[in-house]
Every structure is written in C-alpha cells, then in structure tokens.
Amino acid sequence: MRFDVNEIRAQFPALKQLVNGQPLVYLDSTATTQKPQVVIDTISHYYQQQNANVHRGSHSLTANATNQFESARQTVADFIGAESNKEIIWTRGATEALNLIAQTYARSVLSENDEILVSEMEHHANIVPWQIVAEQTGAKIVKIPMTQNFTLSLEALEEKLSQRTKIVALTQMSNVHGHKPALKSFIDSAHQAGATVVVDGAQGVVHEKVQVTELDADFYVFSGHKLYAPTGIGVLYGKYELLDAMPPWHGGGKMVEKVSFSGTSYSSVPGKFEAGTPNTAGAIALAEAVKWYSQYTLQDKEQHLRLLQSTTYDSLSRMEDVSVIGYQANSNIISFTVDGVHHQDIATLLDKQGIAVRSGHHCAHPFMEAANIVGTVRVSFGIYNTLEDVERFIDALEKAMDML
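Residues numbered from 1 in each chain as written. Predicted model: local features only at pLDDT ≥ 70, side-chain atom pairs only at ≥ 80, totals over all residues. Heavy atoms only, no water.

Draft legend 1. Focus on the pattern of salt bridges. One pass over the full model with this rule turns up 14 salt bridges. Of the charged contacts, one joins Arg 9 and Asp 389 as a salt bridge, the two residues approaching to 3.2 Å between their closest N and O atoms. With Arg 9 in helix H1 (residues 5-9) and Asp 389 in helix H14 (residues 387-403), this residue pair connects regions lying 380 residues apart in the sequence. Assigned by exposure class, Arg 9 and Asp 389 land together as buried. Linking Lys 239 and Asp 216 is a salt bridge whose minimum nitrogen-to-oxygen distance equals 2.7 Å. With a gap of 23 residues between them, Lys 239 in the loop between strand E10 (234-238) and helix H9 (240-245) and Asp 216 in the loop between helix H8 (212-215) and strand E9 (219-223) connect regions that are remote in the sequence. Linked through salt bridges whose partners overlap, the residues forming this network are Glu 70, Arg 73, Lys 254 and Glu 274. (Salt bridge = Lys/Arg side-chain N within 4 Å of Asp/Glu carboxyl O. Helix = DSSP H or I, 4+ residues; strand = E, 2+ residues; numbered from the N terminus. Buried < 20%, exposed > 50% of the residue type's maximum accessible area, 1.4 Å probe, protein only.)

See below:
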C-alpha cells in the first residue's frame, strides 16, 4: 500500500484528542505505540461476537476462537521467519518471555561459575531475570561494556566470551538511543564459543525485517504493544529442540495431557508453556496489527522515520545547552539532556503544551551510569508522526527552556 502519513494518521483515534487544551503530539512510541482502528475493532469484535475459551469445549464459538488463535500464531511465525508455528509461545510480553527463558532453559543448564554475558545497554527486562537465575544457580553475570560512543562492538563481546559462557543476552535495538548491534555477527561469535543467544527484539522487530532462522537466534522475544498491537500480549520464539527439552514454568490447565496424584504428563510445545486461559483477543489483535503494519513497505516506513529523526536532530543540534546522548542515525529515537535542567521538568512543561515525551532512565540504569547521567528526555516516533509534530515539539521545547 502507498505510504501516506496523513492517511495513516487518520486511522488512529487517540491522536485526535486534546491534551491540556492542545492537540496531542505523541512522541513516546518507543514506550508504547498508539493503536489503529482496525486493531481496536478486532478486539471489540472478538468480545462482541467470538468470545470463548480456546482448546476447550465442543461448541462453534470455541472452535472458531481456537482457529483464529492458532491462525494468529502462524501469522506471527511467518512475520519473524520461524520454521514452525510450534516455535511461537504466547506470553504477556517480552518481559515475561525473558523470565520464562531464565526460569526454564537457563535454570536447567546453568551451574556454579557458569557465565551469562549481558550488554550494558540492555533494558532491565533483559538484566534482572538473568541476575535472579544467577543467584539461584551460582552462575555469574558478566557485563559487555559499551564503547565511548554508546555502541556495542563485536570486539567487546569476543573479549568476554570464554569456555564458561553459557548464555549471551543482547538487545536488537536500544530503547534509549536506537543503537542496533551487528546482531548476526554477535550471534555467530557467541555460537562459536558454545553459548546460547537470547535476543530482546522489543524495539527492533518494529524497525528491521526479522528472520530468526537466518539470524540463527536461539531465542527471540518481543511485545505486541510496541508493534501497534494491544498491551498484555507478547511472543517468545525458541528453536524447537530447545523448547522441547525445557521444563514447563507455570502449571495448570491446557499445559497438561493428564493429571493424577501419581504424576502428571505435560502437553507438547507450544501448549506446555501456555498454562491457563490465554489472552485470545490479544493474540488475534496482534496478528491483525502485524498484517496492518506489513502492508506498508519497510523502506517507506523507515525512510519516513529517518526524516523525522534527522529533522529533529538538526534542530536540537542548533540549540544551546542541549546535548544529544549517543545519537544513532537511521533510528526513530533521540535522547537528550538540557544543561542545568532536570529531565522531568522539561517533560512536564512539554506536556502542558500537548507534547507527550518520555523522561527518566528508561529502565536502563546501567546505560545511564555509563553515560554519567541520571536520565534523559526521549523523543520517539511512530509512523503516524509528521513534520508538523516535529515543529510543534521544537517550538514547545524552546518555550520550556525559556521558562527554566
């Protein structure tokens, strides 16, 4: 479909509202994207016409719901290039997916003094689960440091790899400033050292074509809500042989074949990891979001985002007292600080003018410590943003700085 930002923008009802008496300019898509009408309608239609529990019962509603639920799994498998839809596990989001990997795969393979390599720019969701499992098993966390330019180098990874390395946890794209590591090279080096690689794709899946089999990623996770889909639904991809060997995490209905007090047998993958009633509406809506997003070419989407980002960067670069942190061209993110002004004060004054941005540490304390800052103001674009949004943001920022 032809990329027309005004036509795209018109599909998002949330963008038509006033905030503090001003038309909303939403610049926080890295935190969560707004939702197109087709996704909202999909959720509404499910609860109005299709609501039933999947994989249970024999009536038409449950059969239809199950069919759509599993069709959504295939849509996601195709979207990221998985070999089988059985390699797609529904979760509440990337965070739950990472915890599932840590408490099933990692906990079953780690021993005392084994090492888990984690990059310094990770979101807390790709740090804390590894710290927890390290405490449980006696393994150690080893930091992969960033360069002075706030990037990840292959050399830094290779310096830390050893015979004790069992797991390498990496982001596909930083949520602070948009850096994208050379993921395939990182994965290849880790595999040569005998390590398993876990990729946090929460940001990257929106901005790069993902083919997990070509990447040779062992595990890959992402959240729906950053991909124009609802909150509360996410995906864990894992190579089938790894998932099949992993123990279950949550116990209950659906993940069992037979339960008795003499012992319980578990379902095969993927059911083994999907205990209880799932977020059926969320899974179906995620598939609808994938279809909606995929109708526009990746080149058109990214070209538009780069225009917004570069235009914003050019304006910020000309402003005194503004420092852009680790600018990464060809991204949708810009993080910056204002000398002598707290980031929260800037964000609050922008909000008063209808401009929604994120301020703080962005769930990336180690990144902030490495940069020797306490937080930033972060601007992040969705494909619904326009150059007019950029102009309003810059005008509002100048007014805020004048006030402070």
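Draft legend 2. Just the packing of aromatic side chains, in detail. All chains considered together, the criterion is met by 16 aromatic pairs. On the basis of an interplanar angle of 5° and a centroid distance of 3.7 Å, the ring pair of Tyr 313 and Tyr 327 is categorised as stacked. Separated by 14 residues along the polypeptide, Tyr 313 in helix H11 (residues 298-317) and Tyr 327 in the loop between strand E13 (322-324) and strand E14 (333-338) bring together distant segments of the chain. An aromatic cluster of three or more residues is present, and its members are Phe 3, Phe 12, Tyr 228, Trp 292, Tyr 293, Tyr 296 and Tyr 384. One residue, Lys 301, lies across the ring of Tyr 293, its end atom 3.4 Å from the ring centre. (Phe/Tyr/Trp six-rings, centres within 6.5 Å; stacked < 30°, edge-to-face > 60°. Lys NZ or Arg CZ within 6 Å of the ring centre and 35° of its normal.)

Draft legend 3. Looking closely at the sheet that holds strand E6 (residues 140-144). Strand order in this open sheet of seven strands is E4-E10-E9-E8-E7-E5-E6, and the pairing throughout is mixed. Unpaired on one side and paired on the other, strand E4 (88-91) and E6 mark the two borders of the sheet. Taking the axes of each pair of neighbouring strands and ignoring which way they run, one obtains an average angle of 20° across the sheet. Examined bridge by bridge, E9 and E10 share five bridges and lie antiparallel to one another. Considered in E10, the bridge of Ser 223 is made with Gly 234. (Pairing = 2+ DSSP bridges. Axes fitted to C-alpha atoms, helices over the stretch in contact; angles between N-to-C directions.)

Draft legend 4. Quick look at the packing of helix H4 (residues 94-109) against helix H5 (residues 128-137). Axis separation between H4 and H5 bottoms out at 9 Å; the angle between their running directions is 25°. What the angle tells us is that H4 and H5 run roughly parallel. Note on packing geometry: the crossing formed by H4 with H5 is right-handed. Counting all contacts with H4, which are made through Leu 98, Asn 99, Ile 101, Ala 102, Gln 103, Ala 106 and Arg 107, the residues of H5 involved are Pro 129, Trp 130, Ile 132, Val 133, Gln 136 and Thr 137. Residues that form the contact of H4 with H5 fall into these classes: eight nonpolar, four polar and one charged. (Parallel < 35°, antiparallel > 145°, perpendicular 65-115°, else oblique. Left-handed = near helix turned anticlockwise from the far one by under 90°. Contact = heavy atoms within 4.5 Å. Nonpolar A, V, L, I, M, F, W, Y, C, P; charged D, E, K, R; others polar.)

Draft legend 5. Quick peek at the nonpolar core. Core analysis: the biggest nonpolar cluster contains 98 residues, and Ile 80, Val 168, Phe 367 and Phe 393 have the highest contact counts within it. Ranked by the residues each element gives to this core, the list is headed by helix H10 (residues 280-294), at 10 residues. When near neighbours in sequence (up to four residues on either side) are disregarded, Phe 393 contacts Leu 27, Thr 312, Leu 316, Phe 336, Leu 350, Ile 355, Val 357 and Val 379. By size, the runner-up hydrophobic cluster in this structure holds 30 residues, among which are Ile 89, Ala 94, Ala 169 and Val 269. (Core = buried A, V, L, I, M, F, W, Y, C linked by side-chain atoms within 4.5 Å.)

Draft legend 6. Highlighting the layout of surface pockets. Size it by volume and the largest pocket reaches roughly 410 Å³. Residue lining of the largest pocket: 27 residues in total, with Thr 95, His 123, Ser 223, His 225 and Lys 226 positioned closest to the centre. For the lining of the largest pocket, the leading source of residues is H4, giving three residues. When the residues that make up the lining of the largest pocket are grouped by side-chain class, the tally is seven nonpolar, 13 polar and seven charged. (1 Å grid on protein atoms, 1.4 Å probe; cavity = no way out; pocket = protein on both sides within 12 Å on 5 of 7 lines; lining within 4 Å. Points joined across faces, edges and corners; volume = space filled by probe spheres on them.)

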